[in-house]
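# Tertiary structure, described
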Protein chains: 4
Amino acid sequence: MTTLSPEILDALEKQAIELPSWAFGNSGTRFKVFATPGTPRDPFEKIADAAQVHKHTGLAPTVALHIPWDVVDDYAALRRHAEDLGVALGTVNSNTFQDDDYKFGALTHEDDRIRRKAIDHHLACIDIMDQTGSRDLKIWLAEGSNYPGQNDMRARQDRLHDSLSTIYARLGENQRLVLEYKFFEPSFYHTDVPDWGTSYVQVAALGEKAKVCLDTGHHAPGTNIEFIVMQLLRLGKLGSFDFNSRFYADDDLIVGAADPFQLFRILVEVVRGGGLNNPDVAFMLDQCHNIEKKIPGQIRSVLNVQEMTARALLLDREALAQAQTANDVLAANAIFMDAFQVDVRPALAEWRVSRGLPADPMAEYAASGYQEQIEADRVGGVQAGWGA
Amino acid sequence: MTTLSPEILDALEKQAIELPSWAFGNSGTRFKVFATPGTPRDPFEKIADAAQVHKHTGLAPTVALHIPWDVVDDYAALRRHAEDLGVALGTVNSNTFQDDDYKFGALTHEDDRIRRKAIDHHLACIDIMDQTGSRDLKIWLAEGSNYPGQNDMRARQDRLHDSLSTIYARLGENQRLVLEYKFFEPSFYHTDVPDWGTSYVQVAALGEKAKVCLDTGHHAPGTNIEFIVMQLLRLGKLGSFDFNSRFYADDDLIVGAADPFQLFRILVEVVRGGGLNNPDVAFMLDQCHNIEKKIPGQIRSVLNVQEMTARALLLDREALAQAQTANDVLAANAIFMDAFQVDVRPALAEWRVSRGLPADPMAEYAASGYQEQIEADRVGGVQAGWGA
Amino acid sequence: MTTLSPEILDALEKQAIELPSWAFGNSGTRFKVFATPGTPRDPFEKIADAAQVHKHTGLAPTVALHIPWDVVDDYAALRRHAEDLGVALGTVNSNTFQDDDYKFGALTHEDDRIRRKAIDHHLACIDIMDQTGSRDLKIWLAEGSNYPGQNDMRARQDRLHDSLSTIYARLGENQRLVLEYKFFEPSFYHTDVPDWGTSYVQVAALGEKAKVCLDTGHHAPGTNIEFIVMQLLRLGKLGSFDFNSRFYADDDLIVGAADPFQLFRILVEVVRGGGLNNPDVAFMLDQCHNIEKKIPGQIRSVLNVQEMTARALLLDREALAQAQTANDVLAANAIFMDAFQVDVRPALAEWRVSRGLPADPMAEYAASGYQEQIEADRVGGVQAGWGA
Amino acid sequence: MTTLSPEILDALEKQAIELPSWAFGNSGTRFKVFATPGTPRDPFEKIADAAQVHKHTGLAPTVALHIPWDVVDDYAALRRHAEDLGVALGTVNSNTFQDDDYKFGALTHEDDRIRRKAIDHHLACIDIMDQTGSRDLKIWLAEGSNYPGQNDMRARQDRLHDSLSTIYARLGENQRLVLEYKFFEPSFYHTDVPDWGTSYVQVAALGEKAKVCLDTGHHAPGTNIEFIVMQLLRLGKLGSFDFNSRFYADDDLIVGAADPFQLFRILVEVVRGGGLNNPDVAFMLDQCHNIEKKIPGQIRSVLNVQEMTARALLLDREALAQAQTANDVLAANAIFMDAFQVDVRPALAEWRVSRGLPADPMAEYAASGYQEQIEADRVGGVQAGWGA
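Described in the following lines is the structure provided in the data block. Since we're looking at a predicted model, the values are computed, not measured.

Bringing the sheet that holds strand E1 (residues 19-20) of chain C into the picture now. Two pairing modes exist for strands in a sheet, parallel and antiparallel, and in both the strands are linked by backbone hydrogen bonds. Residues and elements named next belong to chain C. Read across the open sheet, the 8 strands follow the order E1-E2-E3-E4-E6-E8-E9-E10; overall the sheet is parallel. Only two strands of the sheet have a single neighbouring strand rather than two, namely E1 and strand E10 (282-285). Across 4 bridges, strand E6 (residues 176-180) lies against strand E8 (residues 210-215) in parallel orientation. For leucine 177, the partnering residue across the bridge sits in E8 and is alanine 210.

Turning our attention to the relation of the copies chain A and chain D. Copy one and copy two of the chain differ by a rotation about a common axis and a shift along it. When chain A is fitted to chain D, the best match, at an RMSD of 0.0 Å, comes from turning it 180° and sliding it 0.0 Å along the axis. The transformation just described matches what one would write down for a two-fold rotation axis. Residue Gly197(A) of chain A places its C-alpha closer to the rotation axis than any other residue of that unit, at 2.1 Å. The overlap is high: 100% of the interface residues of chain A also sit at the interface in chain D, so the same surface is used on both sides.

Opposite the 43 residues of chain C that make contact, chain D presents 43 residues. Between chain C and chain D the total buried area reaches about 4100 Å² when both faces are included, carbon and sulfur atoms providing 63% of it. Among the residues chain C hides against chain D, the three largest losses belong to Arg30(C), Phe31(C) and Tyr248(C). Together they make up 23% of the total. Taken together, the links from chain C to chain D amount to 8 salt bridges.

Within this structure, the stated rule accounts for 127 salt bridges over all chains. Among the salt bridges present, the one from Lys32(A) reaches Asp100(B), with a minimum N-O distance of 3.6 Å. Placement of Lys32(A) in the loop between strand E1 (19-20) and helix H2 (43-57) and of Asp100(B) in the loop between strand E3 (88-93) and helix H4 (112-132) is noted, with the two residues assigned to different chains. A salt bridge links Glu185(C) to Lys182(C), with the nearest nitrogen and oxygen atoms 2.6 Å apart. Taken individually, Glu185(C) and Lys182(C) each receive the classification buried, so the pair is uniform in this respect.

With that out of the way, let us pick up the pairing of strand E9 (residues 238-243) of chain C. Residues and elements named next belong to chain C. In terms of residue burial, E9 counts as a mostly covered element, since 6 of its 6 residues are buried. Inspection of the sheet shows E8 paired to E9 by 4 bridges, in the parallel sense. For aspartate 215, the partnering residue across the bridge sits in E9 and is aspartate 242. For the crossover that starts at E8, traverses helix H7 (residues 225-234) and ends in the parallel E9, the hand is right-handed.

With that settled, the discussion passes to the packing of helix H8 (residues 260-272) of chain A against helix H9 (residues 294-314) of chain A. Residues and elements named next belong to chain A. At a minimum axis distance of 9 Å, the contact between H8 and H9 shows a crossing angle of 60°. In terms of axis orientation, H8 runs oblique to H9. As H8 packs across H9, the resulting crossing turns out to be right-handed. Touching Pro260, Leu263, Phe264, Leu267, Val268 and Val271 of H8 are Asn304, Val305, Met308, Thr309, Arg311, Ala312 and Leu313, all from H9. Residues of the contact of H8 with H9, tallied by class, amount to 10 nonpolar, 2 polar and 1 charged.

Glancing now at helix H11 (residues 329-341) of chain C. Residues and elements named next belong to chain C. Between its first and last C-alpha, H11 extends 18 Å over 13 residues, near the 18 Å set by a 1.5 Å rise per residue. Among the 13 residues in H11, 10 count as buried, and that is most of the element. Taken together, the buried positions of H11 are Val329, Leu330, Ala332, Asn333, Ile335, Phe336, Met337, Ala339, Phe340 and Gln341.

The next point concerns the interface of chain A and chain D. Every contact between the two is made by 52 residues of chain A and, on the other side, 52 residues of chain D. Each partner contributes to the roughly 4400 Å² buried at the junction of chain A and chain D, and carbon and sulfur atoms together form 58% of this total. Per-residue buried area on chain A facing chain D is highest for Arg154(A), Phe227(A) and Arg234(A); these three make up 16% of the total on that side. Scanning the region where chain A abuts chain D turns up 4 salt bridges. The salt bridge involving Arg234(A) is made with Asp158(D); its shortest N-O contact spans 2.7 Å. When contributions to the side of chain A that touches chain D are tallied by element, the ones reaching two or more residues are helix H5 (153-169), strand E7 (190-191), helix H6 (196-204), helix H7 (225-234), H8, helix H10 (317-325) and helix H11 (329-341) of chain A.

All right, on to the environment of Gly90(A) then. All names here are of chain A. Within the fold, glycine 90 resides in strand E3 (residues 88-93). The sequence separation of glycine 90 and valine 63 amounts to 27 residues, and the corresponding C-alpha distance is 5.2 Å. In contact with glycine 90, other than residues within four places in its own chain, are Glu18, Thr62, Val63, Ala64 and Ser134.

Our focus in this paragraph is the relation of the copies chain C and chain D. When chain C is fitted to chain D, the residual RMSD is 0.0 Å, and the transformation amounts to a turn of 180° plus an axial shift of 0.0 Å. Interface overlap between copies is the fraction of interface residues in one copy that are interface residues in the other; for chain C against chain D it reaches 100%, indicating a shared surface.

What follows concerns helix H6 (residues 196-204) of chain B. Among the 9 residues of H6(B), 8 are classified as buried, and the element is accordingly described as predominantly covered. Trp196(B), Gly197(B), Thr198(B), Ser199(B), Tyr200(B), Val201(B), Gln202(B) and Val203(B) are the residues of H6(B) that are buried. In this structure, the buried residues of H6(B) make contact with helix H5 (153-170), strand E6 (176-180), strand E8 (210-215) and helix H7 (225-234) of chain B together with helix H6 (196-204) and H7 of chain C.

All right, on to the packing of aromatic side chains then. According to the stated counting rule, one finds 84 aromatic pairs over all chains in the structure shown. Aromatic pair Tyr189(A) and Phe247(B): ring centres 5.1 Å apart, planes at 55°, arrangement tilted. Taken together, the positions of Tyr189(A) in the loop between strand E6 (176-180) and E7 and Phe247(B) in the loop between strand E9 (238-243) and helix H8 (260-272) put the pair across two chains. Taken together through their ring pairs, the aromatic side chains of Phe261(A), Phe264(A), Phe336(A), Phe340(A), Phe261(C), Phe264(C), Phe336(C) and Phe340(C) make up a single cluster. One Lys or Arg, Arg311(A), reaches over the ring of Phe340(A) and ends 5.3 Å from the middle of that ring.

All names here are of chain A. Within the structure shown, the criterion is met by 0 disulfides over all chains. There is no disulfide at cysteine 288, and the cysteine sulfur nearest it, in cysteine 213, is 15 Å away. Taking relative accessible area as the criterion, cysteine 288 reaches 5% and is therefore assigned buried.

Residues and elements named next belong to chain A. Strands sit in the order E1-E2-E3-E4-E6-E8-E9-E10 across an open sheet of 8 strands; the sheet is parallel. On the outer flanks of this sheet lie E1 and strand E10 (282-285), each paired with one strand and no other. Relative to strand E8 (residues 210-215), H6 is tilted by about 165°, and along the sheet it contacts E6 and E8.

Quick notes on the rules
- Residues numbered from 1 in each chain as written.
- Chains lettered and ligands numbered in written order.
- Predicted model: local features only at pLDDT ≥ 70, side-chain atom pairs only at ≥ 80, totals over all residues.
- Heavy atoms only, no water.
- Pairing = 2+ DSSP bridges.
- Helix = DSSP H or I, 4+ residues; strand = E, 2+ residues; numbered from the N terminus.
- Least-squares fit on C-alpha atoms with pLDDT ≥ 70 in both.
- Contact = heavy atoms within 4.5 Å.
- Buried area = accessible area lost by both parts, 1.4 Å probe.
- Salt bridge = Lys/Arg side-chain N within 4 Å of Asp/Glu carboxyl O.
- Buried < 20%, exposed > 50% of the residue type's maximum accessible area, 1.4 Å probe, protein only.
- Right-handed = clockwise from strand over helix to strand, strands pointing away.
- Axes fitted to C-alpha atoms, helices over the stretch in contact; angles between N-to-C directions.
- Parallel < 35°, antiparallel > 145°, perpendicular 65-115°, else oblique.
- Left-handed = near helix turned anticlockwise from the far one by under 90°.
- Nonpolar A, V, L, I, M, F, W, Y, C, P; charged D, E, K, R; others polar.
- Expected span 1.5 Å × (residues − 1).
- Phe/Tyr/Trp six-rings, centres within 6.5 Å; stacked < 30°, edge-to-face > 60°.
- Lys NZ or Arg CZ within 6 Å of the ring centre and 35° of its normal.
- Disulfide = S-S within 2.5 Å.

This is the structure:
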């Protein structure tokens, strides 16, 4: 069995992956959202489910909120609820894509009234952050157009800058604005922040507290994502990850499920660039469990990230550097693949037990009775989903 | 002004493009379905709207139904309603992707009960076809899996053959089964009929009355779609088109909006292979007007197909054949582009007037007051959408 | 350490992967072909290098030839040379893409003279097969066009059928014709056999001795290649694999280097469909070692296939079937990933030693002095490459 | 016939498109470079051919050089030769991808000796620019790696910055450095400047005289190229275009041949952003005429750009702005498509005649006898190609 060095275990012990509250609600495609027994009916139940993931893995101490999906009357109560369950509230995600007013844009809208409404929504999100103790405001800009000519892309880019500036000005001293990019969907012809370059120039124009969020499912086919990770770390602008995986579009599958080797390469670059356990670089999941159970889906996800991080840490960087310097292509690649091929699961299980965690979190959760309990309890009410 | 020869006008006069009833209902993305004033509340209103498209263009004499979205108590009444408005009922589309039973498959499902239910749904669709006078049963197989290992793809392929065989056996003498393929969505890892090859081998195993449906938005990036048109016509297995356009995924935009030259190339191959005005090759639209008005969206669409068909017919095939034989690459391409670059709109407008149709169907519809009427009338009730 | 069962070891012992003679010659991109010390100057030297791969791995008992690159005066001598070195001659690959006559096509050419010349080349290849004892004639059809309108794709398809029929008629009783498909390059607009569907309909029209060759690098982005493997095995038409890997185009990188999980999925489907160690399904490499050393590049490649085959054989198919039947998505995926994550290398090394092979073929080759020897010996002459 | 306003004709009269000297030499794929009769044997003959394009179109007053392909003893003589033929020498393109030393990198190379050599090559290029009167040094960075782990991407990025800084420091007052990006090829795993974002951050770190070059064939599938045009113009960093077209990879086909509507959208954005006839934004071709004749291939190309520019100028921007403000999706798209659909060729032919140019440059060139002359004259010698 491969053993993990104290240094590696120390790094793994510090690892924290934020869970998205919406992963516990129902999701689906434009064709159908299938309901799942036991799905939470409110933010309190979502956080309870998220706490289960942390309980069994020790990996997920915070939960991201999505506003207005997670609007509650009393955020202090929500915060206490989370803390009682051993987790904390994390990033606040804004939502300007489900109000009828936003059909043609929000922060980029030509109509000042709508643009102001969208800005105000973000200011309200920062108000919530003040109450929840959240550091990051994450903006996924679901804006764009479907047909060539529909919009003036250039003017929208300028209005986006204006809107973001107003929001940025409201941030508290220790708060950040993180801007996500996505190259398609829900708009089909153009999106207003399609690539890392656009996100970068927008946040660079704001200031130090503005960063880029990299969602691993938001790139064109063939994109070398780890290169972007490297570049954003080099520029000091990588604020956070939204982890998931995809085969073709923004599938939002379990991280590591579609291309585990890509996840490995990304994490190697994170380690290389000083992004691991770096408070400036948040690890988050952004996934949809359309057909599989949600809590074990999240457990599987954080374990996948942990396992691949362990492999990335096993990479013999010194030997690699020598092979790289010698331009020994086969040797360098072999050293790289060596780390990827190690089966770290037994060592991680053993270490987990040493920390009072279950050897097999998936099995432990299944045996815990929690799933049966929520399926029995959560009858009636409206299951949480992506609806406002 | 370019003039269109009598032969071309004769071909254009015969052209008929079937409209999808669902294009008149609301649609959207997984993130949001925006409501539109005036949206139909039932199949009768959908057909009334479709009839408007035909009234102003003379191009859309039939309307495809989607079951169960268009289930009515009395299909004879629906048929009369259509005929009163100058149109007929066309292809019946089955739907096995919105019932909870179909979460993991329908015609391919491992559970015989569910598979039988899905087969029965198709038999019920054929019952409706008998009443509506429809010829084609169109099957879009929205089945597949999201994760590697989730399913036994091979066994599903065999079960699909069994299911289709049972359905095929129920077809009337003049009825057909048309099997659509799609390379992704709503499943992300595998779809059970991902490509024309799979659709072809499945329908070839059934018999003469089974054909392939080619949806122009259902291919991988870089696919030469007109090659597939050519091949299916060559094999005698091209049953129908679902026209639309896309930039990245299955965007279901207005046909010709994203890549008009691709539409031209497809139509050139249709003409070349004898597929134009060939009763064996149905022209249909399959689109979503998520943000634009639906009736003019459909008018624009059928006009786009007509205009591009006119250009395809303008191609000087004799001169092209000579240049091809001489391997004069630039001359052949120039002859090809010549036809594409002709602005056929003035000639079509003139011809339209000569047939008692408006010169500008878009303007005529806008001026007709129909849109204002339905927006005023259709208040209350539930707007039609993709819900069952 | 994971142990491999006798059944698995038995299957692995039977595994044979054919090497391409051209992998030992120089290759590159359109921009530059870099020379490598020690590169063979003739087919005899190529075979000597290929024999090194087999010597150190026991995995590569045959070498494919490419005509005219491997034309020799005396094929019996070449055959004896191979046999003396412990290997045999395998598939013969035709080449109709480097003669000036083939600028606009070969087997599809409009000019009967050129088409006849291309057919004759294939008949000459079969003559060579008779002498070398080869079973398979592999045809990669590098034909197509660069500009829309340049060619009549339909007529080319018909001429292709005619040409293949003539070649097919010349096959000996135990010989086969294997038709490769490729969706782009060297033609940019259309290729005459772009997809498995086209290859399938062409070989199905020929007869039992005609099969499809699947090159893993010849698909559009997002294509589920293991689905095609499944389908071709189901149809009894998978004749051979050309293994390699790619990030974007037809990169011809070392198999398993770009997406090892995809290779795993392909091999799982091979096992599932009875394609492993099935004489009807040949395993071959088709790679280019543009910048890395060629002999160790090939050693690495066959080991990658072997290691992934071992993992595919470790898959607990019974447990998987149960999880699949229960539609337990997470359990099925976990069982699937379990096999992928096993580090089989120690067990394979041990087994290799038990068979008199080196534990570490890469290290053994490096220590053997062969590389230094050929770099010293092969000075002067013209290094083999893709030139005719 | 559509008429073109004096303003449009004035804009078109100012249009200048630089031709690449290498488009007149032979090119091909990694599989084969086909020879063409009449191909130039030296830079002087290339410029003579380029002058033919300008003579017949009035659109191509300058010719870009590629060093070392266009190395001559006497650049003053080459300059006079060009001027005698009515054209001027333009951009100088460096080449650091064909020397054996550059197998693993040039400006990014780990070995200081090789990196210095690559820098010196660029300094030598600037020396040539001083003699030819060229303004722009264009750098296409053909560097990267084929296998994960082969290189330290981060360190290469830093070394690239260092190398570019040294080169930048040598630029004359009125000279510029233009950095091209490309997302794949000739490297397969990573390229050191894969996207506009990387090119932007590199040139932004240099200063005002450094700009980005956008080659229309260098993007991932699905990329909205006109968005990048918009963004770079907005940022003041669009230095030049390399025009061509592609179906899948970097096909380098005739601009406008694969997706004419995309070319229209790009040119609309150029006009919108003030990039037309703006000295800061150079229009260049970068194409390969692998199978078609080269001089008429270039004539066709510049005409395609001119025709599409005319269409872009026909766009009724005022009406469009109104429809955009009203969020009338169909109206905005209709206005946009109106301009695209106009057949501007008759009006351009007439205008051309009024300027003393041929109505049909393709026909005029064919009738001129130049092609026959060079095919007869240029026998013997080595045809120019991509070889050093």
